[in-house]
Amino acid sequence: MSKPLNVALIGNPNTGKTSIFNLLTGLSQKVGNYPGITVEKKEGSCKLPNGTKAHIIDLPGTYSLNASSADEQLVVENLLSRNKKDYPDVAVVVADVENLKRNLILFTQIKDLQIPAILVVNMADQMERRGITLDVAMLEKKIQSKVVLVSSRKRTGIGELKSLLEDYQNLPVSATIHLADIDPDYFDRLQQAYPTQNLYSLWLVVSQDVPLEKIDEDLRKANTYSARATPEIKRLQQKETIARYLFINRFLKDVYQADASKATDWRSLLDRVLTHRVAGYIVFFLVMLLVFQAIYNWSSVPMDFIDESFTRLSEWTNNHLPEGPFTSLLAEGIIPGIGGIVIFVPQIAFLFLFISLLEESGYMSRIVFLMDRVMRRFGLSGKSVVPLISGTACAIPAVMAARNIENWKERLITILVTPFTTCSARLPVYLIIIALVIPDRTIAGFNLQGLTLMGLYALGFGMAVFSAFILDKILKNKARTFFVIEMPAYKLPLPKNVLYTVIEKTKSFIFGAGKIILAISIVLWFLASNGYSDDFYQAEEIVRAQTENAQLDEQEMTTAIASYQLRHSYIGIIGHNIEPVIRPLGYDWKIGIALVTSFAAREVFVATLATIYSVGSDEEETIKVRMSTDTNSRTGEKLFNFPTGISLLLFYAFALQCMSTLAVVKKETNSWKWPLIQLVLMTGFAYLVSMIAYQLLK
Amino acid sequence: MINFKHATIKDTISSLKRGEKGIIGNFSVDQIPVKLQEMGCLPGNEVQLIQLAPFSDPLYLNINGNNLAIRRETAVLIEITKIV
């Protein structure tokens, strides 16, 4: 068998490049990360008619080879690395029939690198409706290459594309424009400095705003040729762009006609509503309400089911396998750990279902347009809106949603502040503490408990925005970026693309962040189910002896033993040991244990207190009664009094009490640096605020 | 047709009203990203204002057949001649 053919898919965003990739590769695709950076690497394979295997690399969407983001830089670097294994034998440049002129700019750039290139004109099925005619034969002659009309919606043209790929060696590699014509002096000098290199490749290296590192060694030397981003270079870049447009305009009128009157009715009508300064926000609000409903309410059904199934599985394992450390590890460590990963799947799937629909339909750009001005004040982008709002359901999918923000700084800030928004896991903790310490009274027609809950949501959102504002001042931007967003045509989303996005994001969460979550769950299990003292190992005898006269039934006895064991397990010991640290916040060792265990997930707080107070079920009423009557052994006062309650609410509002968030931030930023900074800053801030609140209120 | 009455005042893209068109004139090359130029923002091309977000920022434009949005800070840097 011959070696597989490397095919790079290149194209502007919104051209349907992903649809073509999906059609070529089907489910034989892999999504990973490029080493060291957080740009998605998508690759797959397909069989060509003659049996050759083609390795398809879906390069990130790019408008040009003059990179202005990490994604675009990666594309350029890939095309300048002849010696790397992913260097394409042939490039497939995907263009959208409506924006052919602009898409051809990128095509001429690829051709000038002397890479065999095929032009795919996508959305060919739209031509008639939009009044477009295209003379394919003439276009092929003018651009000195092959052109394929493809419709990813009707799945036509893919066969033809595959046959052309087989024949790639017959594609001409002639250049489209000649740089030497633009400015003979400059370009002759550049060529003489590196006589063996392709002039356009050299120019790309010299003219980028940032040096290109991951390219062929000979070319890398050109990085030091001259200063970057000088007015001279900018002037030459403009001349180059004009030359490309001249090249295209020379023939475009003869091969491509569009009847403008047919094209715009739909679009302008929708735009008039969706980008309107009043109606636009109303629609946006309704759409967000729907998204929020879906991740908050609709996903609760499958989540409850998952929760129950894993609990049952865990019980079944405990009852049916021989007793011992292995069964315990399986039933109380691994199974709940996996359950703790799978439980997020419905929320992630729903969120990405909607995000993918918003992106594919073209509506996302309108949201960015409407929200950009407001968000920019806080160092965020119009695209930060979706992560921040979906963070109210769960920070995990929300952090993943920040991937759509191209600007690295804005994306990082969004990721760092999203966990402040009040996620649904905080809700059980809030509810029980509010019920304990806030009087159920009505003030001016409003229920005081309801107001407190609302205040906590406002506090979370306010804190997110405020810290974004601060981070914006502190963080340095990697590259100077400008805000230019395309406002694409409205399209009906392709179900296949939506489905693939949902599958891919869910998979990347389970196998990326999931590993870390599972590992931490096992550690927490070990700490909770092991101890070193006699108190721990002889818990049963001790409890039975102590309660001899109490006449407990079997159920009550089991929970009393569990409670005693937990108090003397490693986690219990940690709880005792951190008591001095958390005492200024008004907490005792019992709350300390709950703080540690709720690192697995915030809602575990309630379950842990249930075990400590040896309430058999996590029936909320019973726990509440136990909690409300408990006293602080040092002060003799009620443990859950008003100051402690407020202090706890604030702590849960601000602290990063969630290992899954850490795991997903690690995955999305590709380093432990940011999640650790986040953990220290958020939890440190929470500690400070809770302490101040407790000390003032006490 | 070019309106000569306005041609003497330096209009920029930011002075367009909704629906109005202009012809792009000069701008300083080191302040306007190449990306925007590649999308057709070049001297001599036509620009139309489609929609304004609240506070008149960003601006939703059609430049040389391409639909895109830019921020006001960029729009004020690009001179135009209004078409009536």
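One structure accompanies this document, and this report is about it. All of these numbers come straight from a predicted model, not from anything done at the bench. Position numbers for residues count from 1 along each chain, tracking the sequence in the order it is written. Chain A is the first chain written and ligand 1 is the first ligand written, with later ones labelled in order. In view of the model being predicted, local features appear only for residues whose pLDDT reaches at least 70, and side-chain atom pairs are presented and counted only at 80 or more, with totals across whole chains, interfaces and linings using the full set of residues. Excluding hydrogens and water, the side-chain figures rest on all heavy atoms present in the structure.

1. Topic: the overall build of chain A
Strands here mean DSSP runs of E at least two residues long; helices mean DSSP runs of H or I at least four residues long; both are numbered from the N terminus. Helix and strand counts for chain A come out as 34 helices and twelve strands. Taking the principal axes of the C-alpha coordinates as reference, chain A spans close to 100 × 65 × 50 Å. Burial status across chain A gives 54% buried among its 698 residues. Contacts between residues were defined by any pair of non-hydrogen atoms, one from each residue, lying within 4.5 Å. Across chain A, the fraction of contacts at a sequence separation of at least 24, relative to all contacts at a separation of at least 6, is 72%. Surface summary for chain A: the accessible area is close to 30600 Å², and the carbon and sulfur share equals 60%. Asp and Glu are treated as the negative residues and Lys and Arg as the positive ones, with His and the ends of the chain left uncounted. Taken as the charge centre is NZ of Lys, CZ of Arg, CG of Asp or CD of Glu, depending on the residue. In chain A, the 70 positive side-chain charges and the 66 negative ones have mean positions that sit 8 Å from each other. Throughout, exposure labels follow a simple rule: accessible area from a 1.4 Å probe, protein chains only, divided by the maximum for the residue type, with under 20% read as buried, over 50% as exposed, and the rest as partly exposed. The Shrake-Rupley method, run with a 1.4 Å probe, gives the accessible areas here. Residue values count only the displayed protein chains as cover.

2. Notes on the pairing of strand β3 (residues 40–47) of chain A
Residue and element names in this part refer to chain A. At least two DSSP bridges between two strands are required for those strands to pair. As judged from the six bridges shared by β3 and strand β4 (residues 53–58), these two strands associate in the antiparallel manner. Bridging across to β4, Cys46 finds its partner in Ala54. Between the antiparallel neighbours β3 and β4 lie five residues, among them Gly51 with a positive phi of about 95°.

3. Some thoughts on the environment of Val121 of chain A
Residue and element names in this part refer to chain A. Here Val121 shows up in strand β6 (residues 117–122). Taking the C-alpha atoms as reference points, Val121 and Leu100, 21 residues apart in sequence, are found 7.9 Å from one another. Apart from the residues within four sequence positions on either side, Val121 is in contact with Ala95, Val97, Leu100, Leu134, Val147, Val148, Leu149 and Val150.

4. Some points on the pattern of salt bridges
For salt bridges, the criterion is a side-chain nitrogen of Lys or Arg within 4 Å of an Asp or Glu carboxyl oxygen. Throughout the structure, instances matching the rule amount to 25 salt bridges over all chains. Taking the shortest distance from any N to any O, the salt bridge between Asp218 of chain A and Lys221 of chain A comes out at 3.9 Å. On the accessibility criterion, Asp218 of chain A (43% relative accessible area) is partly exposed. A salt bridge links Lys590 of chain A to Asp588 of chain A, with the shortest nitrogen-to-oxygen separation between them at 3.5 Å. Residue Lys590 of chain A shares its accessibility class with Asp588 of chain A, and that shared class is buried. Members of the salt-bridge network, linked through shared partners, are Asp372 and Arg376 of chain A together with Asp57, Arg71 and Glu73 of chain B.

5. Side note on the pairing of strand β2 (residues 21–24) of chain B
Residues and elements named next belong to chain B. Across three bridges, β2 lies against strand β3 (residues 46–52) in antiparallel orientation. For Ile23, the partnering residue across the bridge sits in β3 and is Glu46. Of the pairings in the sheet, the one linking β2 to strand β6 (residues 79–83) comprises four bridges and is antiparallel in character. In the sheet register, Lys21 faces β6, and the bridge partner there is Ile83.

6. Structural notes on the interface of chain A and chain B
Listed as interface residues are 37 residues of chain A and, on the opposing side, 32 residues of chain B. The junction of chain A with chain B conceals about 3300 Å² of combined surface from both sides, 57% of it contributed by carbon and sulfur atoms. Summed over the shared surface of chain A and chain B, the number is three salt bridges. Between Arg376 of chain A and Glu73 of chain B there is a salt bridge, with its nearest N and O atoms 3.9 Å apart. Any pair of nitrogen or oxygen atoms within 3.5 Å is treated as a polar contact; in protein, a donor-acceptor pairing is required on top of that, and neighbouring residues in sequence qualify only through side-chain atoms on both sides. Counting every contact that joins chain A to chain B gives 15 residue pairs in polar contact (both at pLDDT 80 or more). Counting residues per element, the ones that place at least two in the side of chain A that touches chain B are α3 (100–112), α10 (231–255), α12 (265–274), α17 (363–376) and β12 (484–486) of chain A. The residue inventory of the side of chain A that touches chain B, partitioned by class, reads twelve nonpolar, ten polar and 15 charged. By the bridge criterion, three bridges tie β12 of chain A to strand β5 (residues 66–70) of chain B in an arrangement that is antiparallel. Bridged to Ile485 of chain A within β5 of chain B is Ala69 of chain B. The term buried area means the drop in 1.4 Å probe accessible area that two parts suffer when joined, counted for both and summed. Nonpolar residues are Ala, Val, Leu, Ile, Met, Phe, Trp, Tyr, Cys and Pro. Charged residues are Asp, Glu, Lys and Arg, and all others, Gly as well, are polar.

7. Overview of the nonpolar core
Residue and element names in this part refer to chain A. Each nonpolar core is a collection of buried residues, namely Ala, Val, Leu, Ile, Met, Phe, Trp, Tyr and Cys, held together in the definition by side-chain atoms within 4.5 Å. Judged by nonpolar contacts, the single largest core of 101 residues is most densely connected at Phe509, Phe605 and Phe640. Here this core gets eight residues from one element, more than from any other, and that element is helix α32 (residues 642–654). In this structure, Phe605 is in contact with Val429, Ile433, Ile591, Ala594, Ser598, Leu648 and Tyr652, ignoring residues within four places of it in sequence.

8. Details of the packing of aromatic side chains
Two rings from Phe, Tyr or Trp (for Trp, the six-membered ring) form a pair when their centres are within 6.5 Å of each other. A pair whose planes differ by under 30 degrees is stacked, one over 60 is edge-to-face, and the rest are tilted. Tallying each qualifying case throughout the model produces 17 aromatic pairs over all chains. Ring pairing ties together the aromatic residues Trp525, Phe526, Tyr532 and Tyr570 of chain A, which thus form one cluster. Between Arg377 of chain A and the ring centre of Phe55 of chain B, over which it is positioned, the NZ or CZ distance is 5.9 Å. Note on criteria: charge over ring means Lys NZ or Arg CZ within 6 Å of the ring centre, with the direction from the centre no more than 35 degrees off the ring normal. Across from the ring centre of Phe469 of chain A, 4.5 Å away, lies the NZ or CZ of Lys473 of chain A, which sits over that ring.

9. Notes on the side chain of Ser381 of chain A
Residues and elements named next belong to chain A. For Ser381, the location among the structural elements is in the loop between α17 and α18 (385–390). Accessibility expressed as a relative area gives 5% for Ser381, which makes it buried. A polar contact is formed between the side chain of Ser381 and the backbone nitrogen of Lys383, at a distance of 2.8 Å. When residues no more than four places from it in sequence are discounted, the contact partners of Ser381 are Asp372, Met375, Ile405 and Glu410.

10. Remarks on the sheet that holds β2 of chain B
What the seven strands build is an open sheet, ordered β12(A)-β5(B)-β4(B)-β3(B)-β2(B)-β6(B)-β1(B); its pairing is antiparallel. Every interior strand has two partners, whereas the edge strands, β12 of chain A together with β1 (11–12) of chain B, have only one. The sheet strands contacting α17 of chain A are β12 of chain A together with β3, β4 (59–63) and β5 of chain B, and the helix crosses β12 of chain A at an angle near 145°. Note on method: axes are straight lines fitted to C-alpha atoms, helices fitted across the in-contact stretch only, with angles between N-to-C directions ranging 0 to 180 degrees.

11. Things to note about helix α27 (residues 570–577) of chain A
Three- or four-residue spacings in an α-helix give side chains the same orientation, since the helix completes a turn every 3.6 residues. Within the span of α27 of chain A, buried status applies to Ile571, Gly572, Ile573 and Gly575 of chain A. Where α27 of chain A is buried, its residues meet α23 (495–529), α26 (554–568), α28 (579–582) and α29 (589–597) of chain A.

12. Re α29 of chain A
Residues and elements named next belong to chain A. Summarising burial for α29: nine of the nine residues are buried, a large majority. All buried positions along α29 are accounted for by Trp589, Lys590, Ile591, Gly592, Ile593, Ala594, Leu595, Val596 and Thr597. Tucked inside the fold, the buried residues of α29 contact α23, α26, α27, α28, α30 (604–612) and α32. Where α29 begins, one side-chain oxygen reaches toward the backbone nitrogen of Lys590, 3.2 Å away; that side chain belongs to Asp588.

13. Observations regarding the packing of α26 of chain A against α30 of chain A
Residues and elements named next belong to chain A. Two numbers describe how α26 lies on α30: the axes approach to 7 Å, and their chain directions differ by 110°. Put simply, α26 runs roughly perpendicular to α30. Across from Ala562, Ser563, Leu566 and Arg567 in α26, the residues of α30 making contact are Thr608, Thr611 and Ile612. Looking at side-chain class alone, the contact of α26 with α30 contains three nonpolar, three polar and one charged residues. Put simply, angles under 35 degrees are roughly parallel, angles over 145 are roughly antiparallel, angles from 65 to 115 are roughly perpendicular, and the rest are oblique.

14. Quick word on the side chain of Lys41 of chain A
Residues and elements named next belong to chain A. Turning to its location among the elements, Lys41 is positioned in strand β3. According to the relative accessible area criterion, Lys41 is buried, its value standing at 15%. Polar side-chain contacts of Lys41 include one of 3.0 Å to the side chain of Asp86.

15. Some details on a nonpolar patch on the surface
All names here are of chain A. Each patch is built from residues that are more than 30% exposed by relative accessible area and take part in no salt bridge. Like charges join if they lie within 9 Å; nonpolar side chains (Val, Leu, Ile, Met, Phe, Trp, Tyr) join within 5 Å. Where nonpolar side chains cluster on the molecular surface, the patch consists of Val278, Ile282, Phe285, Leu286 and Leu289 and spans about 480 Å² of accessible area. Within the element layout of this structure, Ile282 appears in helix α13 (residues 279–298). Judged by relative accessible area, Ile282 falls into the partly exposed class, the value being 47%.

16. So, the environment of Lys515 of chain A
Residues and elements named next belong to chain A. Here Lys515 shows up in helix α23. What makes Lys515 exposed here is its relative accessible area of 58%. Sequence separation of Lys515 and Ser384 is 131 residues, and the distance between their C-alpha atoms is 27 Å.

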